[in-house]
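Working through the structure, step by step
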Amino acid sequence: MSTIMLAVPSKGRIQEESIAIFERAGLAIDRPGGARSYLGEIDGWPEVTVRFLSASEIARELIRGTIDIGITGEDLIHETAETGPEQVSVARRLGFGRADAVVAVPDAWIDVTAMDDLSDVAADFRARHGRWLKVATKFVNLTRRHFARHGIAEYRIVESLGATEAAPASGAADLIVDITSTGSTLKANGLRILDDGVMLRSEALLLVSRNADWSQDRLAILNRLLSALDAEAFTP
C-alpha cells in the first residue's frame, strides 16, 4: 500500500495548534506509543504516517523531500535554504504562530530609523572604531539576504545561542535580528525596530514538498488529505 509522511511539530503551542487543525477537520492524530513517541497515526487513515519533529527539522526535511507534507513556520523555510520557498508549496496558511523577523537597534541610536541609516552607521564604525558592526541573530541566512538587498556589507554576524535581545546590553553585539510577536521583549531590552526593519511576516504553514517522489497513488492520498483539511490541492 502506498503511504505518505506527515510531519507535525513535536512540542509547544505550535504542536497543540497543529493537532487542533486536524481535529477540527475530523482527523484525530494519535500517538500509540505515548506522549514521548515520535510516531503517530490518523484514525481511519492507514495510508498516512505521522512523525513528530522539531519545526526546524520539518522545514529542512520538506525542502529535501524526505517528508511529504508538514507544518512549520514560514521563517524557518526562508532561513533553512535560500531557495526554500521554491522547494515547497503552501497548501494552507494556518493563522497561528505569527511572528515578524525584524532588525532592531538600541533606543540610544536616535538618528538610526531605517536600513539606509544603518548603512551609514556600519561605515562609521569601520572608520572610527576599526571594526565592523556586530549583528546578533539566529537567522543568519535571512540576515545576510536582507542586508545585501540594502547594500550593507560592513558588518559581522554573531550567532546567538541564548536570548538574542540581550546581546547589545551585554556588549556582545551592536544590534540584533530576531523574531518577535508583540515587540514587548525588545522594548524591555531598550531596542527598537527600524521603520523598514521587518524582513518577514511569518506564520505557521501547511506545506507540501515539491521534492518528494509523487507517484499517482501517493498524490491521490495527499490530495484527499488536503481536501479534508480544506487546503489547496497540490500539482507537482
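Reading the values: the criteria
Residues numbered from 1 in each chain as written. Predicted model: local features only at pLDDT ≥ 70, side-chain atom pairs only at ≥ 80, totals over all residues. Heavy atoms only, no water. Phe/Tyr/Trp six-rings, centres within 6.5 Å; stacked < 30°, edge-to-face > 60°. Helix = DSSP H or I, 4+ residues; strand = E, 2+ residues; numbered from the N terminus. Buried < 20%, exposed > 50% of the residue type's maximum accessible area, 1.4 Å probe, protein only. Lys NZ or Arg CZ within 6 Å of the ring centre and 35° of its normal. Pairing = 2+ DSSP bridges. Right-handed = clockwise from strand over helix to strand, strands pointing away.

Attention now goes to the packing of aromatic side chains. Inspection of every chain in the model, using the stated rule, returns three aromatic pairs. A centroid spacing of 6.2 Å and a plane angle of 45° characterise the contact between W109 and F125, whose relative ring orientation is tilted. With W109 in the loop between β7 (99-106) and α4 (115-129) and F125 in helix α4, this residue pair connects regions lying 16 residues apart in the sequence. Neither residue differs from the other here; W109 and F125 are each classed as buried. Relative to Y155, the ring of F147 lies with its centre 4.7 Å away and its plane at 50°, an arrangement referred to as tilted. No difference in accessibility class separates F147 from Y155, as the two residues are buried. Here the guanidinium or amino end of R218 rests over the ring plane of W214, the centre of that ring lying 5.2 Å away.

With that settled, consider the environment of A169. Tracing the chain through its elements places A169 in helix α6 (residues 167-170). Residue A169 is classed as exposed on the basis of its relative accessible area of 72%. It is 36 Å that separates the C-alpha atoms of A169 and S18, two residues lying 151 residues apart in sequence.

Our next topic: the pairing of strand β9 (residues 155-159). In regular strands, side chains alternate between the two faces of the sheet. Note: strand β8 (residues 133-137) against β9, five bridges, orientation parallel. What sits directly across from K134, in β9, is R156. Each parallel crossover has a hand, and the one from β8 via helix α5 (residues 140-149) to β9 is right-handed.

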